[in-house]
Amino acid sequence: MNFLLSDEQLALLDALRGLLQDKCDPRRVHEVFDGDGSFDAGLWQAICEMGIPAIMVPEGQGGLGLKLIDLAIAAELVGEYAAPVPLFGHCAATIAVALCGSDAQHARWLPKLASGEALATLALGEGDSRWLPGEWEIAGEARLNGKKRLVPHGLEADLFIVGTASGLVLVEKGEGVAAERLDGADRTRSLDTVTFTDAPAEPMPGDEASVARSIDAAAVLLAADAFGGANHCVEMSVEYAKVREQYGAPIGSFQGLKHQLSNMALAVEPGRGLYWYAAHAWDDLPEKARHAAAQAKAHLTDIYLQATRDTVEAHGGIGFTWEHDTHIYMKRAMLDWAWLGQPEKHRLRAADLAGW
Amino acid sequence: MNFLLSDEQLALLDALRGLLQDKCDPRRVHEVFDGDGSFDAGLWQAICEMGIPAIMVPEGQGGLGLKLIDLAIAAELVGEYAAPVPLFGHCAATIAVALCGSDAQHARWLPKLASGEALATLALGEGDSRWLPGEWEIAGEARLNGKKRLVPHGLEADLFIVGTASGLVLVEKGEGVAAERLDGADRTRSLDTVTFTDAPAEPMPGDEASVARSIDAAAVLLAADAFGGANHCVEMSVEYAKVREQYGAPIGSFQGLKHQLSNMALAVEPGRGLYWYAAHAWDDLPEKARHAAAQAKAHLTDIYLQATRDTVEAHGGIGFTWEHDTHIYMKRAMLDWAWLGQPEKHRLRAADLAGW
Amino acid sequence: MDLGFGPEFDGFRAEVKQFLAENWPPADGDYKSKENERRFVLAAVDRGYLHRAVPKRFGGSEQAPDIARAEIIREEFAKARAPSGRILGTGKLVVPTLLEWGTEEQCAEFIARTLTGEIRWAQGFSEPNAGSDLASLRTRAELVGDEWVINGQKIWSTGADRATHMFMLVRTEPDAGKHDAISYLLVDLRQPGVTVRPLQQMTRLPEFCEVFFDDARTPAGNLVGERGKGWYVTRSTLKHERSGIGGLTWSLSMMRDLVKLARETQRNGKPAIEDPRIRSELAAIDGQLMSLTYSTYRATSHAVHDRDVGSFATMPKLYMTDLAQRIGKLARDIVGDDFVDMSGPGKKWIERFMISLSMSIAGGTSNIQRNLIAERSLGLPRDARGGTK
Amino acid sequence: MDLGFGPEFDGFRAEVKQFLAENWPPADGDYKSKENERRFVLAAVDRGYLHRAVPKRFGGSEQAPDIARAEIIREEFAKARAPSGRILGTGKLVVPTLLEWGTEEQCAEFIARTLTGEIRWAQGFSEPNAGSDLASLRTRAELVGDEWVINGQKIWSTGADRATHMFMLVRTEPDAGKHDAISYLLVDLRQPGVTVRPLQQMTRLPEFCEVFFDDARTPAGNLVGERGKGWYVTRSTLKHERSGIGGLTWSLSMMRDLVKLARETQRNGKPAIEDPRIRSELAAIDGQLMSLTYSTYRATSHAVHDRDVGSFATMPKLYMTDLAQRIGKLARDIVGDDFVDMSGPGKKWIERFMISLSMSIAGGTSNIQRNLIAERSLGLPRDARGGTK
């Protein structure tokens, strides 16, 4: 038993952290946040050049052939830096292509998705929080009609992996595809309502299990992002408590705040083991994977949103301003919380999967 | 608008507090708690002589003809002192006789219940938390058969007011009535399982509304007891924090504990207004009474149990011993919490009553 | 105990209704006209219905405290959607402070014009390095001739961009101990030495401001209370800031909105309010709100009858903060997917979810409130380092 | 990352199974015989399966750290319901403390007999006036000839009525500063100068004891670490007290019981586990428990590979306390009416509801734990008054 990162994994994290420190400091995140709602194309290109979207693409298709745990720890870092890039939607969609696509679909798309030449996204959500296989009502195989909600970067995407009543289908941007940008809370990861009108669609042959597995991977990636963000909120609050003085002493020396910060760290830090486990289970313990993914999504995204609330309190007035970083993390936490359905939904699902 | 106690009410409280200070100090409560499971007969007699059980009995029947608010503030004090007397069951049953009894039943019982010469109790609970009118399955009018759970002082009671499928009935102790004492957590208010076997029963003519109103009064009395106990727990914890020293200072000067004590007081104190209102609504605002009673029972008994938990933490090891007062309050809180159904049940009922 | 009003008040209620029938809506039907509002408020003051605690000579109606009548007025005015004479922003804190500490001249100069809305106030307590710790204020004022000359910076000054005046704390006695160094000044913001910079909130709404003072001036006579005793004057302002009634009305209206949201939102094909978890939490919040409501009634009755309010006195603000945060979270759970969409029906609730957090910061952070409860209501010893001040 | 064991461990697992098949249940079928248990444990130590961290010369099996093998042993022993060699009570804290600080003689004298259960330990840290504040200990020991003479009183000494020995903190240097005044002694409790008085818990179970020392004696050689340096020795004991594995097993078994309770209890005519509120809270607790489980695995892996465990190191105890309280409350909600009846099926859960509270007291209160997390893991400044020590 060996529950730690390998030297290769640590090296990957070092390289990605170096890149993010360089190109994604808080000033830059605020610039993009206050911008036109699109992502940071330069940063995204650099991340693609580093091979992050290639991590889970098979080696034969231009990828690195690595595991979900490798991608998840990268997603944690992206969450830590609140990086305004389409990593989540793109990688989740890429995994779906790899798992559910035909050979022809693999050959056509995976190399471009691995390199970042094409941008993919997942179009899952419908109406009354219908996010999961079996809940999708939108139908059509060769021609798709209907509307999907909260699609990450739908405006910019070249490829949509769409959940339908008969499974996943693949739709290219263009004819019959219209994306309308929401005024999303999280301006580091824009969302669109995407309307398909007789859009040409290709069914993907993946079976139910592969579709479910694609969704599980997305859940783990959200959990990883949530952990990264939440952990950063703890660190930010602790640092502030060390330097901010009131009544002649750092506010972190007052037991009231000190205990709040301890409680916050206590809520967040143990979540690391859970999301690692969920990624590892997805990679290597297939019979445990679904349950662990549901638990990781529910637990981590709940904790993240609470951590951002605690961060506002720990900072006082400054933490409530638009100029401060806190609200950016809170809004990312909102997305992680809501996307794929709220924690409650995944807890009830986890209970079913536990056989309770 | 006038939401305060009258001089008469304050005088009643003063007198009752004097009595309890005299005859019901913590040492005495522990003695009874560690005793044979019966109540403190001397104290009960003194409380009866003071006229507490007579408060809501009509003047024509040997009572004082006062209101539920008058009885509830007395119940608060009894809760504060954790007095080991059968006040709750007796008074709740007395109210049921007054509201639902026939003239003959009034004449026969009310004078004796007002003076304390006879002891009454309420037999409501059945099986799977069936406490309320409409939930009772036990049946029979002239002869009663079946089992009631968690009956306060069933062994000592002379008169049982029993909830049945066809309304309340009145059963005297004796033939066909067998009470078996539980090893109850709360040894200040013993509970029995009472089995009726062809027990002679007299139907009470009160209509559904009167039955419901009797139950509401019981709920308010539990809430008042809960407030008294919870408030005492706050005071006990605060006093301890002032005198107990660690690291060379009273522990109450450490912000960690200080804020816990503030949170505890903040949870408890505003409940006073709620239980007053519930009693007042029962007396004078009939259309609001049921909802307020359900809310008071749910809110106050939940808060009480939590307050006793916080009291253990505030006292450290000593608060976890049998010798300390805390556990007596915790066990009273358990009874207030469970009797008539747990808070959740009453919250859902309150939601129905609010027309949601 | 009597929460109803009883027949003795029926006549009064009829009078109020009659007054409203005659005065609102205005003759020309223009609800939104400021002039109509002004005229209505003056008439209501004249009848003793508004600004009841303020003496007549300062523009109030100088009525004896009577919570029953006050409540009837509130109810009937609300039913008629008539102007309530409410002072916007932090001005409502100035009036009782001036009544307690101000000179006759100060009251005369400022109160009436505050009631009519001619003067709009901003609060100038916090500074970048002095949040809850007022002892470390750096903004200073020097008496030069018959004017105070002010230099420094204030922050978190709600609505200062729309205000005409500021009540502020400044360091006037550089050499004095911390309780004797600060004074309470009234300052006209409409002068060259004052620069106001709005700070955007996380909700995107502008609300807070920074205010910079660079040789700004105010007459010597605008000092409230004694020189160096601003500390004590402030305590009365803070007391009013923490008092509950306004917040209660706000909490009740949040709750009504929340119930409406739960009724109207579909969850798994049914109204969310039928989901037992939502339903039970809604009732739990209602139980907390009822506790606040009737404890506020109780406190008001006690205050009016000169009885000790007890430990509840320090609690409304923190209780309401908890309540607002609980409401915010339940609304989030009901709103669900829309909780990321500022263009959708969830927008209002996303904002409230965030605003509920600002409550734990504004007017003394929640930790300061906890110290206050511990020290003032529970009598726990002061912290060796700081405390509530 | 590899949480599975992989084929390279299949052989080891087969070996363990084989050993168990041969040794447990015992030949005479008497599971409960102490002698059978003793013999089994000795055989298991001999094979390297139990007491793996303890050197052979002190009765252990002296194996290199290997969490995979340790886990396989734990799993297979549990399946076979074989004795785990677990040291009862607080004795498990003494062994690592002696290994770190004890002399060769002390280890030889005490460890092996502790492993066999011949010596049973009680902890003697707290005193009536010194709970978390060990600096104010009053129990003193004087070196008279070649013996320490001990006078004073200890409290909250779990199981002292069943113990043979106590490891305790005593004041030996009355004039030294607070970090140099206390020594760590091992004392045989079976002597006339020692009186043990059990204190009943609120659960009615005896568990805590008071222990009075009246000229009690222990050989000079029973001083662990340097004279006056008991403080530092204690820190290592406390570290072991707070470490997670034992608690994790306990938490997992509580959770299994809770799920069973929720399945078997009827609520409104259906199993409680089908009530969405119960079901969702059960899953939330499970999420917390999974976090604890895999963070404990992670910490163990890191420790074994000499990597920094990070901030989780200080957290297991408080996390488990929260978890136990959450479990206690949910169990209460499921148990419902039976939550007042110590003669009914709720008894076990009423006791656990209460015991979950004692967790926030035992081994350093939760507030001390919070200080510990804040100062050691987060690097926040020490409190001016006290702190974790």
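Note that this is a predicted model, so its numbers are computed, not measured.

Student: Just to check I follow, could you spell out the nonpolar core for this structure?
Tutor: Proteins that are soluble and globular tend to have nonpolar side chains buried together. Residues W339(A), W339(B), L258(C) and L258(D) are the most contacted members of the largest nonpolar core, which totals 355 residues. The contacts of W339(B), once residues within four sequence positions are left out, are F88(B), L122(B), L124(B), W131(B), L150(B), P152(B), L191(B), L222(B) and K297(B).

Student: Looking at this structure, how should I read unusual backbone geometry?
Tutor: Trans peptide bonds make up most of the peptide bonds, and negative phi angles are found at most residues other than glycine. Residue and element names in this part refer to chain C. With an omega dihedral of 0°, the bond running from W24 to P25 counts as a cis peptide bond. A positive phi is found at E62, a non-glycine position, where the angle reads about 50°. Note that E62 resides in the loop between α2 (34–46) and α3 (67–79). Taking relative accessible area as the criterion, E62 reaches 47% and is therefore assigned partly exposed. Its identity as a non-glycine residue notwithstanding, W156 has a phi of 60°, on the positive side. Note on placement: W156 falls in the loop between β3 (147–154) and β4 (165–171).

Student: What exactly am I supposed to notice about the interface of chain A and chain C here?
Tutor: How big an interface is tends to be expressed through the accessible area that disappears when the partners come together. At the junction of the two partners, chain A supplies 48 residues and chain C supplies 48 residues. Here chain A and chain C share an interface that buries about 4000 Å² over both sides, 53% of which is from carbon and sulfur atoms. Per-residue buried area on chain A facing chain C is highest for Y247(A), R309(A) and F320(A); these three make up 23% of the total on that side. Inspection of the chain A/chain C interface yields 4 salt bridges. Between R197(C) and E323(A) there is a salt bridge; the shortest N-O distance is 2.7 Å. Elements represented by at least two residues in the side of chain A that touches chain C include exactly β2 (143–152), β7 (245–246), β8 (249–250), α8 (255–268), α10 (286–315) and α11 (326–338) of chain A. Element by element, the count of residues in the side of chain A that touches chain C is highest for α11(A), at 7 residues. Of the residues contributing to the side of chain A that touches chain C, the split by class is 20 nonpolar, 15 polar and 13 charged.

Student: In this structure, what is going on with the interface of chain D and chain A? I would like to understand it.
Tutor: Facing the 50 residues of chain D at the interface are 42 residues of chain A. The interface formed by chain D and chain A includes 2 salt bridges. A salt bridge links R279(D) to D352(A), with the shortest nitrogen-to-oxygen separation between them at 2.6 Å. The interface formed by chain D and chain A includes 19 residue pairs in polar contact (both at pLDDT 80 or more). Elements that contribute at least two residues to the side of chain D that touches chain A include exactly α3 (67–79), α7 (245–264), α8 (276–304), α9 (316–335) and α11 (366–377) of chain D.

Student: Any chance you could explain the packing of aromatic side chains here in plain terms?
Tutor: In this description, a pair of aromatic rings is defined by centroid distance and the angle of the planes. For the coordinates displayed, the defined rule picks out 54 aromatic pairs over all chains. Look at W24(D) and Y31(D): their rings are 5.9 Å apart centre to centre, the planes differ by 80°, and that puts the pair in the edge-to-face class. Residue class for W24(D) comes out buried when judged on its relative accessible area of 5%. The ring of W276(B) has R298(C) lying over it, and the distance from NZ or CZ to the ring centre is 5.0 Å.

What counts as what
- Residues numbered from 1 in each chain as written.
- Chains lettered and ligands numbered in written order.
- Predicted model: local features only at pLDDT ≥ 70, side-chain atom pairs only at ≥ 80, totals over all residues.
- Heavy atoms only, no water.
- Core = buried A, V, L, I, M, F, W, Y, C linked by side-chain atoms within 4.5 Å.
- Buried < 20%, exposed > 50% of the residue type's maximum accessible area, 1.4 Å probe, protein only.
- Contact = heavy atoms within 4.5 Å.
- Helix = DSSP H or I, 4+ residues; strand = E, 2+ residues; numbered from the N terminus.
- Buried area = accessible area lost by both parts, 1.4 Å probe.
- Salt bridge = Lys/Arg side-chain N within 4 Å of Asp/Glu carboxyl O.
- Nonpolar A, V, L, I, M, F, W, Y, C, P; charged D, E, K, R; others polar.
- Polar contact = N/O pair within 3.5 Å; in protein donor to acceptor, adjacent residues only side chain to side chain.
- Phe/Tyr/Trp six-rings, centres within 6.5 Å; stacked < 30°, edge-to-face > 60°.
- Lys NZ or Arg CZ within 6 Å of the ring centre and 35° of its normal.

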